[in-house]
Amino acid sequence: MKLRTITKIGNGKIEHIIILTGVMTNMRITKCCLIMFFLFLLSGCWDKKELNEVAVVMGVGIDKVDKEYKITAQVIKPPTGEQAGGGGSELPTWSVSATGRTVLGAIRNLNELSPRRLYFAHLQVIIFGDELAREGIAPAIAWFERDRDSRAGALLVVTKGTAEDLLNQKIELGNVSSKSMSELIERSTIRQISAMEIKLRDLMTILSTPGIEPVLDVINPKEIRGKVETFELDGVAIFNKDKLKGYVYGSDATGTEIINSKLNFSIIEGKCPKQEEEYFAFQITDFLSKVKPELKGERITLKVNVTLEGNLLDQTCPLDLLKTEYLHAVEKEIAMNIKNSVENEFQVAKNLGSDIYGVGREVRRFYPEYWKEIRGSSDYLNRVDFDIKVKSNLRRSGLIIDPTEVKVKEETD
Amino acid sequence: MEKISITKIQALMLGITSITVTGHLLFIPVIIVHAGRDSWISLLLATIPAMLIGFTVALLSQRYQGYSMVEYSQIILGKWFGKLVVFIFLFYFFHEATISIRGLGEFYTSAVTPRTPIMVFLIAMLVLAGYAVRCGLEVIARTNQVILVTLIPIGILASALTHKDKDYRNFLPILEDSFGPVWDGTLPIISLYSSIFVLSMIFPFVNDTKQLKRYSIITMIILIMMFVGPVTGVVAIYGAERAQGLYFPTFLTLRDIEIGALQRLDILGILLWSLGSFSKVTLFLYAIVLAIAQLF
């Protein structure tokens, strides 16, 4: 192959025309044509989405208003040139709501309000308002399950008011409220609290499996000094099938977390031995619970074996709790607390007709014949007993052996 | 016809890729719909039939050295009846190739790119496969070697990364509805493994058929092993009830992997099935072309 260059001079411009000459077989022409053809394919497929054409949805709130679904989407605002450098006081997010008879219908109506296409692939959290949750959440998540973009890892929470209200709160720590909510739950173990952390995928599994009912985290706006400044992780919401039935607060709300081995790094408080109104605090560093049902006649005994390890990190009583005589009392107190949490939450759920620990599922696993008899109703919940064995190991006590308080006492005695 | 020669490992690798990929994408949902949480028992029950199928293919090819299925059917069954059987097989190969092309297209349109017309994927796959068939069996075999070596680590990676989401208690109770559903699940697996019969078209080109029977039985065992991970994984992650309602459960397990910053590994699944389907379509297209050439 030879290259011949012709230089033409016209209008003061020099144009180079390169002509390919010489032997150019048919094969080569075909190959060149093919390469040129493939260049067109490089532009991508029909489904390309440019970042500047989409609005990234971080959180979705679903409410029920006048028998219609009201969807509130919180999207990230595209940064304007000036904003890019420093953080202004303006929020980087924008919330928009629309209603529709179905969730997708509402999202279609949302797209009428948004010049950018809503993009759900980075969805962090789906919030159900109280009213919608009481009517049933299954119809509201159908689209999220079907959609190929949506994340099965999106967290699901319930709020006592409306979801729209919760999403639109401006909070002090964090400027994207849905991101803050997902961090409130996902990083709960770092902050030594426990959360259910139910994701879309878990809910799909729980709702479709007979003999277990979902329990979701509850997030509410929290007023501080008369103004909403942050979110509060406030107990759990108990469902029967897909309908919200009630809430549980405080230490009782940890029952499902104990059964599901989710209590790691959480804090347990207990009464000091031999002292009234004095308490110790115990941090769990290793937590494992194993559940097995046992059937005796009509009674179902749920055997829960809890093994936990942890550190004694705080106490108000002037006692050396690591002494053998007190150690047993401390471990007993921890076991007592765990038992109470499990039984109290079950009691609440039982009255709501909800099998939150999956007793039915466990019975089905080990006594499938008996399950076939009782599967019709939730009556079996009344015949459930608990046999909770807690094996706790108090491993360490932080950096000191006994608190200063004890030393002070010894001096004065 | 030019002298083609591939090794028996290459031939069996072609079989492994073509069965695994469509199996994972299209057959695992079928097995799970039938057998639910006992799918793994269905899989184990299919071991003996699968080994028999592998044994038969190898035995026939060894006995009629250098003859393909089209040729030896006519020797064994006589000219006309043989041709009839070959014709049925030809239809079967055609059917398998069609299913896997369409399956890949459906997978793309419903799970990856809903706006792109399905024809784009069908045509692209056919053009590629046609080109590969034109290049000959040796090229197909070598391409497939490269593909399979890429696919297996992806499969192992996927199985390892999803481990933390798996709850093996989901397999209890075992045999809740006794063996009925399990048999229903075994049949699609056996029918899937029967498509190893396509290798009877390429065994004549294998340069050394010593111990072919042993090798193909080992291949079938490898195939069973490659199905254990995805079948059990799907049930362990989603629970039997939810897994029965999923179109592409194996793809979803990949998509839902979330380990810190390691998220959305669906691209691995797309890669796996696109490359694998290419291998399968190519192999079946080659078999169809060769069979037609030898039949008429």
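Residues numbered from 1 in each chain as written. Chains lettered and ligands numbered in written order. Predicted model: local features only at pLDDT ≥ 70, side-chain atom pairs only at ≥ 80, totals over all residues. Heavy atoms only, no water.

- You'll find chain A entered in an unreviewed UniProt entry as Ger(X)C family spore germination protein, with Bacillus yapensis given as the organism.
- Recorded in UniProt under Sequence similarities (unreviewed entry), the annotation for chain A is "Belongs to the GerABKC lipoprotein family."
- The heading Subcellular location (unreviewed entry) in the UniProt record of chain A holds the text "Membrane". (UniProt positions renumbered as here; feature names shortened; annotations may be inferred.)

## Structural notes on the pairing of strand β10 (residues 227–240) of chain A
Residues in a regular strand point their side chains to alternate faces of the sheet.
Residue and element names in this part refer to chain A.
Consideration 1: Buried residues dominate β10, accounting for 10 of its 14 residues.
Consideration 2: Bridge analysis of strand β9 (residues 215–224) against β10 gives 9 bridges, and the strand direction is antiparallel. Note that in β10 the partner of N220 across the bridge is E232.
Consideration 3: The turn linking β9 back onto β10 is made up of 2 residues, and R225 within it adopts a positive phi angle of 50°.
Consideration 4: Sheet analysis places β10 next to strand β11 (residues 243–248), joined by 5 bridges and oriented antiparallel. Residue pairing across strands places I238 opposite G246, the latter belonging to β11. (Buried < 20%, exposed > 50% of the residue type's maximum accessible area, 1.4 Å probe, protein only. Helix = DSSP H or I, 4+ residues; strand = E, 2+ residues; numbered from the N terminus. Pairing = 2+ DSSP bridges.)

## Here's the deal with the state of the cysteines
Consideration 1: Under the definition given, this model contains 1 disulfide over all chains.
Consideration 2: In this model A:C272 forms its disulfide with A:C317; the gap between the sulfur atoms is 2.0 Å. Since a negative S-S torsion denotes a left-handed disulfide, the A:C272-A:C317 link at about -60° is left-handed. One end of the pair, A:C272, is in the loop between β12 (267–271) and β13 (279–296); the other, A:C317, is in the loop between β14 (299–315) and α9 (324–351), with 45 residues separating them in the sequence.
Consideration 3: You can see A:C33 has no disulfide; the closest cysteine sulfur is in A:C32, sitting 7.0 Å from it.
Consideration 4: With no disulfide of its own, B:C135 lies closest to A:C32 among cysteine sulfurs, the gap being 18 Å. (Disulfide = S-S within 2.5 Å.)

## Details of the interface of chain B and chain A
Consideration 1: Contact with chain B, which involves 29 residues of that partner, is made by 28 residues of chain A.
Consideration 2: Where chain B abuts chain A, roughly 2500 Å² becomes buried across the two surfaces, and 43% of that area is made up of carbon and sulfur atoms.
Consideration 3: Where chain B packs against chain A, one counts 4 salt bridges.
Consideration 4: Its salt-bridge partner being B:D165, residue A:R201 comes within 3.3 Å of it at the nearest N-O pair.
Consideration 5: Run the count over chain B and chain A and you get 8 residue pairs in polar contact (both at pLDDT 80 or more).
Consideration 6: For the side of chain B that touches chain A, the elements supplying multiple residues, two or more each, are α5 (79–112) and α9 (212–243) of chain B. (Contact = heavy atoms within 4.5 Å. Buried area = accessible area lost by both parts, 1.4 Å probe. Salt bridge = Lys/Arg side-chain N within 4 Å of Asp/Glu carboxyl O. Polar contact = N/O pair within 3.5 Å; in protein donor to acceptor, adjacent residues only side chain to side chain.)

## Description of empty space enclosed by the protein
Consideration 1: Evaluated as defined, the whole model comprises 2 cavities of 30 Å³ or more.
Consideration 2: Of the voids in this model, the largest cavity is the one considered here, and its volume is about 80 Å³.
Consideration 3: Lining the largest cavity are A:T209, A:P210, A:R361, A:R364, A:R365, B:R37, B:N170, B:L172, B:G239, B:A240 and B:E241.
Consideration 4: If you list the elements that add at least two residues to the lining of the largest cavity, you get α10 (359–366) of chain A together with α9 of chain B.
Consideration 5: In the lining of the largest cavity, the residues fall into 3 nonpolar, 3 polar and 5 charged. (1 Å grid on protein atoms, 1.4 Å probe; cavity = no way out; pocket = protein on both sides within 12 Å on 5 of 7 lines; lining within 4 Å. Points joined across faces, edges and corners; volume = space filled by probe spheres on them. Nonpolar A, V, L, I, M, F, W, Y, C, P; charged D, E, K, R; others polar.)

## Focus on the pattern of salt bridges
Should their charged atoms come close, side chains of opposite charge can pair.
Consideration 1: The final tally for this structure, using the stated rule, is 26 salt bridges over all chains.
Consideration 2: Linking A:R364 and B:E241 is a salt bridge whose minimum nitrogen-to-oxygen distance equals 2.7 Å. Taken together, the positions of A:R364 in helix α10 and B:E241 in helix α9 put the pair across two chains.
Consideration 3: Owing to a relative accessible area of 8%, A:R364 belongs among the buried residues under this scheme.
Consideration 4: Shared partners join several salt bridges into a network, and the residues in it are A:E172, A:R225, A:K227 and A:E229.

## Things to note about the sheet that holds β13(A)
Residue and element names in this part refer to chain A.
Consideration 1: The 4 strands are arranged β12-β13-β14-β15 in an open sheet whose pairing can be described as mixed. Every other strand in the sheet has two partners, leaving β12 and β15 (384–396) as the edge strands with one partner each. Between one strand axis and the next, the sheet turns by 40° as a mean value, whatever way the strands run.
Consideration 2: In terms of strand pairing, β12 meets β13 through 5 bridges, oriented antiparallel. Looking at the pairing, I267 lines up with Q283 of β13.
Consideration 3: Strands in contact with α9 are β12, β13, β14 and β15; relative to β15, the strand with the most contacts, it is inclined by about 145°.
Consideration 4: Against the sheet, α10 touches β13, β14 and β15, its axis set at about 50° to β13. (Axes fitted to C-alpha atoms, helices over the stretch in contact; angles between N-to-C directions.)

## Section: the environment of B:G245
Consideration 1: Within the secondary structure, B:G245 sits in the loop between α9 and α10 (249–255).
Consideration 2: Along the chain, B:G245 and B:V33 lie 212 residues apart, while their C-alpha atoms are 7.6 Å from each other.

## What about helix α4 (residues 138–146) of chain A?
All names here are of chain A.
Consideration 1: Buried within α4 are the following residues: A140, I141, W143 and F144. Projected down its long axis, α4 shows its buried positions confined to an angular sector of 140°, all on one face.
Consideration 2: Check the buried side of α4 and you find it contacts β3 (54–65), β4 (68–76), α2 (103–113), β7 (125–128), α3 (130–135) and α7 (200–208). (Arc of directions from axis to C-beta.)

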